[in-house]
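Single-letter residue listing:
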Amino acid sequence: MSTKKLLNSIGYPKSDSPESIEPVESSVLYDYARRNKVGSLYVKSLKESSGVDELSEQWENRQNFQNRTKRALNRLPDTIPSHIDYAVVKSGYPWVDSKDIDLVLFDERLRELEDHLLNEGYEFCGRSPTSFDVIDPVTNVQLDIQSGFSLQRVIYFDKETVRDGIERRSPYGTSIPILEKPDDLALIVIHSITEQMYILKEFYTAVAMLESFSRNQFERFLDIVAKNRIESACRSFFTITWELCKQVFDHIPSYLREIKERLGLSTREQNECRSNDLKMPHKYTGMTGVRTVAGKMRDSVFRRSLAAQIPRLAHPSTAYYILSQIVTRREREHYVHDTSDMAGSGEA
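Residues numbered from 1 in each chain as written. Predicted model: local features only at pLDDT ≥ 70, side-chain atom pairs only at ≥ 80, totals over all residues. Heavy atoms only, no water.

Caption draft 1: Structural detail: the environment of Phe149. The topology assignment puts Phe149 in strand 6 (residues 149-151). We classify Phe149 as buried; its relative accessible area is 2%. Considering only alpha carbons, one finds Phe149 and His191, 42 residues apart in sequence, at a separation of 8.9 Å. Apart from residues no more than four positions distant in its own chain, Phe149 is found in contact with Val89, Val104, Val154, Ile155, Tyr156, Phe157, Lys159 and Leu187. (Helix = DSSP H or I, 4+ residues; strand = E, 2+ residues; numbered from the N terminus. Buried < 20%, exposed > 50% of the residue type's maximum accessible area, 1.4 Å probe, protein only. Contact = heavy atoms within 4.5 Å.)

Caption draft 2: A look at the pairing of strand 8 (residues 166-169). Inspection of the sheet shows strand 8 paired to strand 9 (residues 176-179) by 4 bridges, in the antiparallel sense. Looking at strand 9, one finds that Glu167 is bridged to Ile178. (Pairing = 2+ DSSP bridges.)

Caption draft 3: Region of the structure containing the pattern of salt bridges. As enumerated under the stated definition, the model contains 26 salt bridges in all. The salt bridge partner of Glu19 is Lys14, with a shortest N-O separation of 3.6 Å. Classification of Lys14 as partly exposed rests on a relative accessible area of 38%. Here Arg262 ties to Glu258 by a salt bridge, and the two come within 2.8 Å at their closest N and O atoms. Linking Arg262 with Glu258, this pair stays in helix 10 (residues 254-263), spanning 4 residues, or about one helical turn. By sharing partners, the salt bridges in this structure join Asp164, Glu180, Asp183 and Arg220 into a single network. (Salt bridge = Lys/Arg side-chain N within 4 Å of Asp/Glu carboxyl O.)

Caption draft 4: Representation of the environment of Lys181. Tracing the backbone shows Lys181 in helix 6 (residues 181-194). Its relative accessible area of 32% is what places Lys181 among the partly exposed residues. Residues Lys181 and Glu167, 14 residues apart in the sequence, show an inter-C-alpha distance of 9.6 Å. If we skip the residues at most four places from it in the chain, Lys181 touches Met209, Ser212 and Phe213.

Shown next, in the form of structure tokens:
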């Protein structure tokens, strides 16, 4: 089974760095890791345990990617004006793969910052009503800068619930504002549901956070989950996390046990995961989406943003676009964008 082989090769997600249990060097396993956005973590674990031979080119590729990402993060304080209130979000586990660096603004300066970055030489590559994307000219790393967390302007996570959860950390030597781990984990959970897919990048991030939480941090996480009405999302997300912990490592973090006791798990997701032999990425069942939306209907911020968009959503072209995006997300096998280092993989 590819999932068990890969996870045992990387190791259990400790708070700092995993230790390989049974290293296996394989191009097939590397592609599997890349589809789950843990390709860098996989080859790094091999390098530190048994060494790298067959995957030496992939190791160089991932090293280069990680170094460029670190440099792009360290450039943020010199690039973004000091009067703009922002934070790095969905920062993830060390050495996982991310298409871009995600930032959220806590003030209404989205267009101001876009103009500033374009004047600084950043390359424009996309815009929506609530976000824009640019590429760092020095590192060629993409920045995804958002004014909030929404899909088609419908707010699925209220940034005001985490406004007081910004801390300054220096993951790579330069102090930058980053969302605190409890806040970030809640956001990662609901983002996973919006992507309709659970990937191993999220497994390593979630388990490492749960293993490192203090009691106060864990309670803050549950509080943010409750404020955003994403309990249903948590049940599905942590069901997959539970299955991987139990079946691969035979170890359940104490706070994951508490999540099961307080929020429960999803029988549908559990059965689906087992019937597919733990295949990752795991596609959430349709019922998870339905129950997540039903839960969000108890969130006033979500309801107001949804009501405000009903006239626009009723337009045939908009409705068609949204439906096509839902279908695309349901049918795709992964959402890795740069697959140039993946053997025989031309998917986007």
